[in-house]
Structure formats: structure tokens, C-alpha cells
Amino acid sequence: MLRKHYTFILTVIIIISIFFNDVTAQSPRKIIREANQLIEIAFYEEAIKVLTPLANEKHPEALLLKGFSHLANDDELAKTIETLERAAALYPLKKNSSNQALEAHFYLGQAYRLNEEPEKACEKFNQVKAHTQNIEFIEDVEQEIAYCENYLKLKENPVDRKIEHMGDIINSPYEDHSPIVLFDESTIYFTSTRPIDSLQNEGPFFENIFVSHRRNNQWTKPKMMEIPGYGGTNRATVGLTPDGQGLIFYENFGVEGALFVTYKTFEGWSQPEPLPAPINSGFNETHASFTPDGNTIYFSSERPGGFGGKDIYSSSKLPDGTWGMPVNAGEVINTLQDEESPFIHPDGTTLYYSSSGKNSMGGYDVFKSSLNEDGNWSIPENIGYPINTPTDDLFYLPTPNGQRVYYSSQQEDGLGQSDLFVLLFPPSDKRSMAVVSSHIFNSENQPAENAVIHVSNLNNQDIMGTFRTNPLTGKFIAIIPTAREYQLIIESEGHKTYSQTFNLDARDDYKTKNRAIYLPAITLESNQPAE
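For clarity, every value in this text was computed on a predicted model and none was experimentally measured.

Another aspect to go through is the sheet that holds strand β14 (residues 311–316). Taken together, the 4 strands give an open sheet; going across it, the order is β12-β13-β14-β15, and neighbouring strands pair in antiparallel fashion. The sheet terminates laterally at β12 (285–290) and β15 (327–328), the two strands that pair on one side only. Judged from the 2 bridges that link them, β14 and β15 form a sheet pairing that is antiparallel. By the bridge assignment for β15, S314 is matched with V327.

Shown next, in the form of C-alpha cells:
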């Protein structure tokens with residue numbers, strides 16, 4: 001699910017309680033007006049309750065509003081279609097169709113598409129198009145027709161894959177989404193709207209960030225991350241810094257939101273800091289992803305000057321350590337619609353993102369594009385059906401070997417409104433990236449919490465990345481190409497600089513090993529004179 005903005009909850013609850021007082025005694029017109037007000041603030045379940053006594057053939061508008069509310073609330077599609085078919089029958093399309101008639105048949109077409117009936121949906125949308133001259137509405141109808149046509153094409157060549165539900169230890173009856181996984185798959189961070197008893201949050205009103213660790217081939221019970229500064233707002237996972245020690249998250253303050261970063265320290269998580277301008281602009285930045293060397297960040301933003309609603313931008317770090325002016329990814333990537341959740345693969349050239357434009361089969365689909373040697377993006381490729389569905393598909397996080405993907409999805413056999421899944425591909429990915437890890441200890445055999453690790457290509461001295469240790473364990477993780485020789489340099493205050501070289505064979509990639517390459521643990525030598 002995309003970010004939700006929950007504001008004025010107490011006021012809304014009071015309003016709803018007033019609505020439900022003696023509804024049956026109110027006039028039909030007043031009930032419909034109150035239902036419209038509930039729909040306006042996205043309280044669809046409450047609107048359905050208000051409309052249900054009135055939703056019959058005598059009151060077609062109430063039937064239409066109820067059907068729309070079912071659709072917007074992601075309710076059972078059979079119930080949604082049944083309600084909208086009844087409404088559409090009461091609002092037949094004709095030469096001068098009313099707005100209600102056009103809406104009834106349009107929403108019915110959307111319900112057919114979401115129910116994986118693209119032929120029926122396309123037929124319905126073509127009927128609607130023939131009965132309106134509203135240019136803006138025709139554009140919406142044509143977009144839906146394109147969704148259906150793309151759906152039919154992609155369905156002809158389904159992607160070979162296996163889907164695994166992450167189970168009831170991770171998932172809950174609420175919304176669980178936006179998984180972020182360490183490159184060695186030992187830790188997962190994700191967003192959930194499950195209740196937080198300690199914060200007296202008894203319902204799915206706010207998004208919070210949870211963490212679970214892989215222990216003995218099982219995930220531990222998720223715990224809410226204790227990030228300082230929490231004040232009853234939505235916080236959602238976005239990504240990790242290249243060294244895996246910093247978590248990027250989204251926090252919204254009503255209508256708009258921004259990106260923040262917090263770092264793992266020996267005492268816990270640090271006080272969050274907003275990503276600096278010009279990355280954050282005040283125009284709702286929602287997702288971000290760093291390249292492996294940490295020198296470029298890709299992010300989505302609604303700032304003015306783009307091609308559509310949300311666009312994908314990149315910003316590169318300048319020699320003085322500040323960030324350069326963001327560059328729009330261009331019309332090859334961005335469209336007149338929205339682009340979201342960019343993820344730059346550890347190979348540094350493959351961009352995964354979601355778009356509701358181009359050849360999407362409905363809502364957001366996940367696309368893949370590669371950065372060419374001339375600095376231009378290749379034509380984006382829809383990653384295919386059934387990975388992409390008629391609903392929104394976002395937050396696509398492949399492992400370094402590209403053979404597993406952690407993602408969230410709404411499925412009938414799930415536990416909640418959205419659950420976390422792992423997508424498994426057959427071993428056909430050609431990329432050769434290795435996950436390299438080690439533990440670094442200080443001269444007192446304690447984790448070297450302030451160590452900085454530089455990894456460079458020994459042949460051309462190109463810096464492949466700068467990494468930091470986990471302050472609690474001394475562990476660091478790096479993702480680098482195989483079949484090369486590297487130099488590793490470690491710097492830590494109060495210790496001598498450490499240097500070593502190591503080789504990665506062509507078969508040391510994560511795909512072949514299916515695990516990280518662990519270098520022997522390193523103990524640093526003090527640079528203080530012996531007493």
C-alpha cells in the first residue's frame with residue numbers, strides 16, 4: 001500500500017459517532033450526504049454501514065456509493081461486483097448519460113479488471129468511452145483500456161516463479177509492507193499497522209517500523225524499533241545505507257512527508273536526522289535507495305517541475321560531502337502518471353521501480369531499467385505477470401543474486417490487509433555479485449564500533465564502497481563484483497590502519513554460494529605506546 005495520511009482522527013471519530021445516531025430516522029438525502037462526507041475522508045467501512053439500509057433499487061445513488069466504497073476499501077471483489085452490477089443496471093448508458101451512469105459503469109469495469117477479468121473490463125470501458133465527450137474522463141478510460149490490453153499481453157507469457165508466505169511470526173491481521181532486508185538476509189525491517197500496546201495505539205491508525213532477525217533458520221518475533229523522537233505519526237521503512245548500519249525511513253506530518261535516517265549505535269538507534277536539502281524539498285519525498293558506494297541516491301518526489309505526479313530523481317555527492325542538485329531521471333523512466341519506490345541493485349546499474357504509467361497492467365507495476373555506458377537508461381521492462389497484478393505492486397527488493405525478492409502483496413489467503421512474501425526464481429540470473437562479510441575487533445577484543453572499512457579494486461584503485469561495522473557485533477557487510485582482486489583498508493581511532501588484499505573467484509557470487517563470503521575475523525592493533 002502507498003503511504004496513508006491519517007489526520008484529525010479524534011475529530012473524525014466524533015463525527016462518525018454522530019452519523020450513526022439514529023441513522024434510520026434520517027431522510028435518504030441526508031444519509032447520502034453524510035455517506036459522501038465519510039467517503040471524502042476515506043472512511044469507507046463507515047460509509048458502507050450508513051448506506052446499507054438504503055442501498056436498494058429505490059435508491060440507486062446509495063447503491064452506487066456503496067459499490068464504490070467496497071471498491072475503494074479493497075473489499076471482497078464478488079461483493080463489490082454484485083453491488084456495482086445492480087447500480088449499473090439502474091443507470092443504463094445512453095446518449096446523454098448522467099455522471100452517475102458513467103461512474104457506475106466505470107467503477108464496474110475497474111472491479112472486473114481487479115477480479116482478473118480483463119476482457120469484460122475492456123468491453124465495459126469501451127462502452128463508457130462511447131457515451132462521453134469529457135476529455136479528462138476519456139483519458140482516464142483510455143488508461144484503463146491500456147491496463148487491460150497490457151494485462152492480456154503479459155498474461156500470455158507468465159514468469160516462472162514460486163511464492164512463499166513469510167508466515168504468522170512476521171505477518172499480522174493488519175497491514176505489513178515495505179520489507180527491507182540486510183544483504184546477507186539475516187535481518188528484516190518492515191512497516192506494520194499492528195497495535196502498539198505500550199503506546200496505547202489500539203488500532204491500525206499509524207504505521208510503525210518493526211525488526212526481526214534470522215536465528216536457526218527461523219525469524220524471531222518482530223519487535224517495534226525504538227527510534228527516538230516518535231510522536232504519534234506514521235513511520236515507514238524505506239531503505240538502508242550502503243553499510244547496512246543506517247535505516248532510512250519516511251515520516252509524515254499530516255499531508256506531506258520527508259525522508260529521515262537513523263544509525264545503529266552501541267546505545268541503540270540514533271536521533272533521526274532528515275536527509276539534507278536538496279533531497280528533502282518539502283514536497284513529499286517517499287522512497288530512496290543508495291548506490292553501493294554511497295555516492296548517489298535515487299528517490300521519489302512530488303516536487304514541481306517533473307513529468308507527472310511523483311517522479312524519480314537522483315542526486316550525487318559532491319567533493320565537499322554535500323549533495324548536488326537532484327536530476328530528474330527523464331522521460332524514459334518517468335511518465336505523466338506516478339513513479340514510486342526506486343531500488344538501485346547492488347550492481348549499481350539496475351534500477352527497479354514502480355510506475356502507474358507505461359505498460360502497466362493496472363495501478364502500479366514493477367519495472368526494471370539498466371544504466372548504459374553512455375549514462376542513459378534502457379527502455380523499462382515490465383517484470384511480468386503474475387509478479388505484477390491488477391492491483392498496486394510496489395516495494396520490490398531483490399537479493400544480490402536476483403533469485404529471491406522480498407515484497408508485500410494483498411492476497412486472498414493472507415493473514416491481513418497486506419502480507420510479506422518471498423518470491424523465488426529458478427537459477428537463471430546472470431549477475432555475479434558477492435556478499436562479503438567479516439567481524440572486526442579492537443585491541444581489547446571488543447567490537448570495533450567506530451571502524452571504517454574501505455574496499456577498492458586492486459587493479460585500478462577504484463573505490464568500491466565505504467562501510468561501517470555493526471557497533472554491537474563488529475560485523476560489516478559489503479556487496480562487490482566477483483572475479484577481481486581487492487584491497488581492504490580499515491581505519492579506527494586509536495588503532496593502526498589495517499590493510500589486506502583478497503581475491504574473489506568467479507564462482508564466489510551469491511547465486512552460486514547462496515551465502516555470504518566470510519573473511520577471517522580481524523583484530524586491530526593499538527597505536528598507543530605500550531606502558
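Following A277, the chain continues to P278 via a peptide bond in cis, the omega torsion being 15 degrees. Along the chain, P278 falls in the loop between β11 (273–274) and β12. Unlike most non-glycine residues, A42 shows phi in positive territory, near 65 degrees. For A42, the position within the fold is in the loop between α2 (28–40) and α3 (44–51). For A42, a relative accessible area of 45% gives the class partly exposed.

The subject of this paragraph is the packing of aromatic side chains. Under the counting rule described, the total for this entry stands at 16 aromatic pairs. With a centroid separation of 4.9 Å and 45 degrees between ring planes, the pair formed by F68 and Y107 is classed as tilted. Taken together, the residues F68 in helix α4 (residues 60–72) and Y107 in helix α6 (residues 99–114) connect sequence positions 39 residues apart. By relative accessible area, which is 21% here, F68 ends up partly exposed. Both rings, one in F290 and one in W323, keep their centres 6.0 Å apart while their planes meet at 50 degrees; by these two values the pair is tilted. Placement of F290 in strand β12 and of W323 in the loop between β14 and β15 is noted, with a sequence separation of 33 residues between them. As far as burial versus exposure is concerned, F290 and W323 are alike and both buried. Ring pairs connect the aromatic residues Y44, F68, F106, Y107, F125 and F137, which therefore count as one cluster. Seen from the ring of F210, R194 lies directly overhead, with NZ or CZ sitting 5.0 Å from the centre.

Definitions and limits used
- Residues numbered from 1 in each chain as written.
- Predicted model: local features only at pLDDT ≥ 70, side-chain atom pairs only at ≥ 80, totals over all residues.
- Heavy atoms only, no water.
- Pairing = 2+ DSSP bridges.
- Helix = DSSP H or I, 4+ residues; strand = E, 2+ residues; numbered from the N terminus.
- Buried < 20%, exposed > 50% of the residue type's maximum accessible area, 1.4 Å probe, protein only.
- Phe/Tyr/Trp six-rings, centres within 6.5 Å; stacked < 30°, edge-to-face > 60°.
- Lys NZ or Arg CZ within 6 Å of the ring centre and 35° of its normal.

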